[in-house]
Amino acid sequence: MRIWRGLLIVAIVGCGMNAFGEENTAERANVSVRPVLKSAGEARVWQADTRAKLFELLKMSDLVEREEPAPLDVEVLSSDFRDNFTLQEIEISSTPGRRIRIKVGFPNSVSGKAPGVVCIGGHGSTRNSPHDQADDSPYHAFGSALAEAGYVTVSPDVSQHEVYEDGRTLMGERLWDVMRCIDYLLARPDIDAGRIGCAGLSLGGEMAMWLGAMDTRCAATVSCGFLTVMDHMEQNHCMCWKLPGLRGLVDFPDIYALTAPRPLQCQNGLKEPETQFNVPLARQALEPIKEVYTLFGKPENVALHVHEGGHEVDVAALVSFMDEHLGRAKTDQD
Ligand SMILES: [Zn+2]
């Protein structure tokens, strides 16, 4: 049985302002297609079942079902020493037949184990984008901010639009690469395995959604500039989010709900155009996510952070969320 969210509910609410001072949108969007869930137990079963079905759609089942992760064969290609952290260009094996390059940032002086964060860029980005210091970068160097604050960061490339290996899918290859970034973090002796997070903007926010949802090793997720619904993404957007069978199984809020009860922050900016990741639609999309967190008794673990900007990262909110849920490493100065 599907609940009201499975229907397209058109609620004309006029063009006044809501309690948040935002213009109401004319239609209530179709935001969820999951079955009714009445308890944490039912939610847990739905999550496991949906993850397995999604891995099948993504053509990743063979990769995730391996008993032992494939060797990473880490090769450090270069090191760039900054004031408080070091950036390295590193190559690892993603699948047994495919090598990828990642950018790794780590604080220069840490005592004890550090948390790790997978930092992900959007369309047109590279692994360097989360460290881009340019004034007009929508990433605002959030990766560097985390590395300076005591986190080990790892950034892959996800903005390709070709499928690398026969029998795979674009989204599946992107997701596998970000999951391998967690394998890489866990292989480092300086990492605390219980304190791994992920964060990204736009397509990177989408990949953070996928990574938090599908990889339960991820303890905290920040998804910027992406919380919306699939009906909205059918227009005015690159369609690389879509794969056969996806819409019959989940909408974006359902994918986010696979993260529950692990901490999740979504960021949407007030200056996002109506056609993009607008805040009123994000508020509607948040509701069915929060329902699942509530079933787990943790409604406080999911939040929509609305900021004054546009399609960009609010770095201060991101870092403080990671500080709260992962805890930054102790540096020698502490
Ligand atoms: Zn695309």
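These remarks concern the structure in this document.

Calculation criteria
- Think of each chain on its own: its residues are numbered from 1, step by step along the sequence as written.
- Local features in this predicted model are restricted to residues of pLDDT 70 or higher, and side-chain atom pairs are both shown and tallied only at a pLDDT of 80 or more, whereas totals for entire chains, interfaces and linings draw on every residue.
- Side-chain calculation: all heavy atoms of the structure are included, whereas hydrogens and water are not.
- One speaks of a salt bridge when a side-chain nitrogen belonging to Lys or Arg is within 4 Å of a carboxyl oxygen belonging to Asp or Glu.
- A run of DSSP states H or I qualifies as a helix once it reaches four residues; a run of E qualifies as a strand once it reaches two. Both are numbered from the N-terminal end.
- For every residue, the accessible area (1.4 Å probe, protein chains only) is compared with the maximum for its type, and the residue is labelled buried under 20%, exposed over 50%, or partly exposed between those bounds.
- Axis geometry follows a simple rule: fit a line to the C-alpha atoms, using only the stretch in contact for helices, then measure angles between N-to-C directions, giving values from 0 to 180 degrees.
- Should an angle fall under 35 degrees it is taken as roughly parallel, and over 145 as roughly antiparallel, whereas 65 to 115 is taken as roughly perpendicular and any remaining angle as oblique.
- Crossing handedness: left-handed means the near helix sits turned counterclockwise from the far one by under a right angle, and right-handed means the same turn made clockwise.
- Contacts: residue pairs with any heavy atoms within 4.5 Å of one another.
- Residue polarity is assigned by list, with Asp, Glu, Lys and Arg as charged and Ala, Val, Leu, Ile, Met, Phe, Trp, Tyr, Cys and Pro as nonpolar; anything else, Gly included, falls into the polar class.
- Aromatic contacts are taken between Phe, Tyr and Trp rings whose centres are within 6.5 Å, Trp giving its six-membered ring; a plane angle under 30 degrees counts as stacked, one over 60 as edge-to-face, and the others as tilted.
- Criterion for a charge above a ring: Arg CZ or Lys NZ at most 6 Å from the ring centre, at most 35 degrees from the ring normal.
- Any two strands with at least two DSSP-identified bridges between them are counted as paired.
- Donors, by definition, are the N, O and S atoms found within 2.8 Å of a metal, the threshold being 3.2 Å for Na, K and Ca, and water is not counted, so a site can look incomplete.
- The geometry test gives tetrahedral to four donors whose angles all lie between 85 and 135 degrees, gives square planar to four donors and octahedral to six donors whose opposite members are over 155 degrees apart with all other angles between 65 and 115, and gives irregular to the rest.

Here's the deal with the pattern of salt bridges
So, step 1. Scanning the model with the defined rule gives 23 salt bridges in all.
So, step 2. R34 serves as the salt-bridge partner of E291, at 3.2 Å between the closest nitrogen and oxygen. Here R34 lies in the segment before α1 (40-57) and E291 lies in helix α9 (residues 279-295), a separation of 257 residues in the sequence.
So, step 3. According to the relative accessible area criterion, R34 is buried, its value standing at 3%.
So, step 4. Two residues, E89 and K103, come together in a salt bridge whose shortest N-O distance is 3.0 Å. Of this pair, E89 sits in strand β2 (residues 85-95) while K103 sits in strand β3 (residues 98-107); the two residues are 14 residues apart in sequence, bridging distant segments of the chain.
So, step 5. In the salt-bridge network here, residues are joined through shared partners; they are E75, E89, E91, R99, R101, K103, R127 and D157.

Looking at unusual backbone geometry
So, step 1. In this structure, the amide linkage connecting A260 to the following residue, P261, adopts the cis form with an omega of 5°.
So, step 2. Position of P261 relative to the elements: it lies in the loop between α8 (252-257) and β9 (264-269).
So, step 3. Look at H140: it is not a glycine, yet its phi comes out positive at around 50°.
So, step 4. Following the sequence through the fold, H140 ends up in the loop between β5 (114-120) and α3 (142-149).
So, step 5. Phi is positive for S202, which is not a glycine, with a value near 65°.
So, step 6. One can find S202 in the loop between β7 (191-201) and α5 (203-214).

Details of the packing of α3 against helix α10 (residues 315-325)
So, step 1. Between α3 and α10, the shortest axis-to-axis distance is 10 Å and the interhelical angle comes to 40°. Judged on the interaxial angle alone, α10 and α3 are oblique. Where α3 crosses over α10, the handedness of that crossing is right-handed. Along the contact surface, α3 presents F142, A145, L146 and A149, while α10 presents V315, L318, V319 and M322.
So, step 2. A per-class count over the contact of α3 with α10 returns eight nonpolar, no polar and no charged.

Thoughts on the packing of aromatic side chains
Note on aromatic pairs: each is described by the distance of the centres and the angle between the planes.
So, step 1. Enumeration according to the criterion identifies three aromatic pairs in this entry.
So, step 2. Taking 5.4 Å as the distance between ring centres and 65° as the angle between the ring planes, the aromatic pair formed by W241 and F252 counts as edge-to-face. Residue W241 is found in the loop between α6 (230-233) and α7 (246-249), and its partner F252 is found in helix α8; the two are separated by eleven residues along the sequence. Note on accessibility: W241 and F252 belong to one class, buried.
So, step 3. Among the aromatic residues, ring-to-ring pairing joins F226, W241, F252 and F277 into one connected group.
So, step 4. Positioned above the aromatic ring of W46 is the side chain of R34, whose terminal nitrogen or guanidinium carbon lies 5.8 Å from the ring centre.
So, step 5. Its end group placed over the ring of F106, R188 keeps NZ or CZ at 5.0 Å from the ring centre.

Brief notes about α10
So, step 1. Inspection of α10 places V315, A317, L318, V319, F321 and M322 among the buried residues, and these make up the whole buried set.
So, step 2. In this structure, the buried residues of α10 make contact with β5, α3, β7, β8 (220-224), β9 and β10 (302-307).
So, step 3. One or two residues past the end of α10 sits G327, with phi positive at roughly 85°.

A closer look at the sheet that holds strand β6 (residues 152-155)
So, step 1. As summarised here, the arrangement of the nine strands in space is β1-β2-β3-β6-β5-β7-β8-β9-β10, forming an open sheet in which the pairing is mixed. The sheet is open, and its two borders are formed by β1 (75-81) and β10, each paired with just one other strand. Direction aside, neighbouring strands of the sheet carry axes that sit 20° apart on average.
So, step 2. Bridge analysis of β8 against β9 gives four bridges, and the strand direction is parallel. Considered in β9, the bridge of S223 is made with C266.
So, step 3. Sheet strands in contact with α3 are β2, β3, β5, β6 and β7, and its direction is about 175° off that of β5.
So, step 4. Across the sheet, α5 is in contact with β5, β7 and β8; its angle to β7 comes to roughly 145°.

A word on the coordination of the zinc ion
Each donor-metal-donor angle would ideally measure 109.5 degrees in four-coordinate tetrahedral geometry, or 90 or 180 degrees in six-coordinate octahedral geometry.
So, step 1. Donor atoms from the polypeptide that bind the zinc ion are H123 (NE2), H161 (NE2), C238 (SG) and C240 (SG), placed at 2.0 to 2.2 Å.
So, step 2. Note that the zinc ion binds four donor atoms; their angles at the metal cover 107 to 114°, and the shape is tetrahedral.
So, step 3. Mapped onto the polypeptide sequence, the residues donating to the zinc ion form the spacing pattern H-x37-H-x76-C-x1-C. On the criterion of sequence distance, the pair formed by H161 in the loop between β6 and α4 (170-187) and C238 in the loop between α6 and α7 is long-range, its members being 77 residues apart.

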